[in-house]
Amino acid sequence: MVGMDIPTTSREVRLASRPHGWPDDSTFDLVETDVPELRDGQLLVVNDYVSVDPYMRGRMSDAPSYVPPFEVGKVMDGAAVGTVVASEDPSVAVGASVVHGLGWREVSVVDASVARVVDTDAAPASAYLGVLGMTGLTAWVGLTEIAQMRGGDVVFVSGAAGAVGSVAGQLAKIRGASRVIGSAGSADKIAYLTGDLGFDAAFNYKDGSVADQLGEAAPDGIDVYFDNVGGDHLEAAIGAFRPHGRAALCGAISAYNATEAPPGPRNLTRLVGTRVKLQGFIVGDHSASMPDFLAEAVPALDDGRLVMDETVVDGISHAGEAFVKMLRGANTGKMVVRLT
């Protein structure tokens, strides 16, 4: 084995219990464990950043879903980027930075076949969990492949100051939208959207009716809706659609911690007359699109058309706290946990 500074123990976050409603301190356990020996084809990775993402809330439940639930007493896997400190695969050198799916721990033993080497000279390591990672790909796929956005479209993005929403709105502008509108939950975030990110309009959903505020921001209606929220935002978008509108249904964070089923949109019959298309999607089905996405996103990030923003929480012991803050909308851009 070729290696350097080989750790023998690691701390990891495990699911202690399945939450009913909002997760809290009792949901997570921080455990120290021994690092296993590497086998052929494996890498030892010291994680630099770990991602916390909304979909993880669904995995805390044991309800049937598109992805297996987290097991109580087992580590909460998720995306991470780290440095290879030992390698038993000749295709990945010690010192390389890799993205993988064994986060929520300080040290990961990763099969080289499922690790992706990334260039941290081209962008910071954490970018590969956010704007240049699955987060950015989610935004790109939702706009281009699901909603089939065209130049001149009016685009509405809910949860627009979050990880996916902030990229979706920027990509819409880059791709020639005539107007991009975002919703968020604070005055600071509204200023961020219309200032730093170049949205044409934004509103605070806490200030009043979402439908009324969207109507003011888009008096002539919308063509594309990128949905991260669901609930009253989806109902408002359905009411604002012009004929042949398209919605990419990415998430419904407004309902993730609800203890009772939220009411559905009350205006679904409007979809018939407007011939609107609503389509849900899972980014994992579109992994083959990553090269196309990066071909557009990397130059845009390099020349400043695409802005990278993130909220950083330090230490694996604060991963659960970072996760709950993200669910409550405390982040601007991508929420990540920095470990080194």
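Here, every reference points to the structure presented above.
All values reported here derive from a predicted model rather than from experimental measurement. (Residues numbered from 1 in each chain as written. Predicted model: local features only at pLDDT ≥ 70, side-chain atom pairs only at ≥ 80, totals over all residues. Heavy atoms only, no water.)

Engineer: For this particular structure, what's the right way to read the nonpolar core?
Structural biologist: Inside soluble globular proteins, nonpolar side chains tend to come together where they are buried. Judged by nonpolar contacts, the single largest core of 49 residues is most densely connected at Leu132, Leu143, Val155, Leu193 and Phe226. Elements supplying a minimum of two residues to this core: helix H2 (134-146), strand E9 (154-157), helix H3 (163-174), strand E10 (179-184), helix H4 (187-194), strand E12 (222-227) and helix H8 (290-302). Each residue touching Leu193, except ones within four places of it in the same chain, is listed here: Ala160, Ala161, Gly182, Ser183, Ala184, Gly198, Phe199 and Ala202. Counting 22 residues, the second-largest nonpolar core is a separate cluster that includes Val52, Phe70, Trp104 and Met326. (Core = buried A, V, L, I, M, F, W, Y, C linked by side-chain atoms within 4.5 Å. Buried < 20%, exposed > 50% of the residue type's maximum accessible area, 1.4 Å probe, protein only. Helix = DSSP H or I, 4+ residues; strand = E, 2+ residues; numbered from the N terminus. Contact = heavy atoms within 4.5 Å.)

Engineer: When you look at H4 in this model, what are you seeing that I'm missing?
Structural biologist: Residues spaced three or four apart along an α-helix point in a common direction, a consequence of the helix completing one turn every 3.6 residues. Within H4, burial applies to Lys189, Ile190, Tyr192 and Leu193. For H4, the buried positions fall inside an angular range of 160° around the axis, keeping them on one side. Along H4, exposed side chains directed more than 90 degrees from the buried face belong to Ala187 and Asp188. In this structure, the buried side of H4 is in contact with H3, E10 and strand E11 (201-204). (Arc of directions from axis to C-beta.)

Engineer: Explanation requested: the side chain of Ser97 in the structure shown.
Structural biologist: Positionally, Ser97 belongs in strand E6 (residues 97-100). Overall, the relative accessible area of 12% leaves Ser97 in the buried class. Every residue in contact with Ser97, bar those within four places of it in the chain, is listed here: Gly82, Thr83, Arg116, Val117, Val118 and Thr120.

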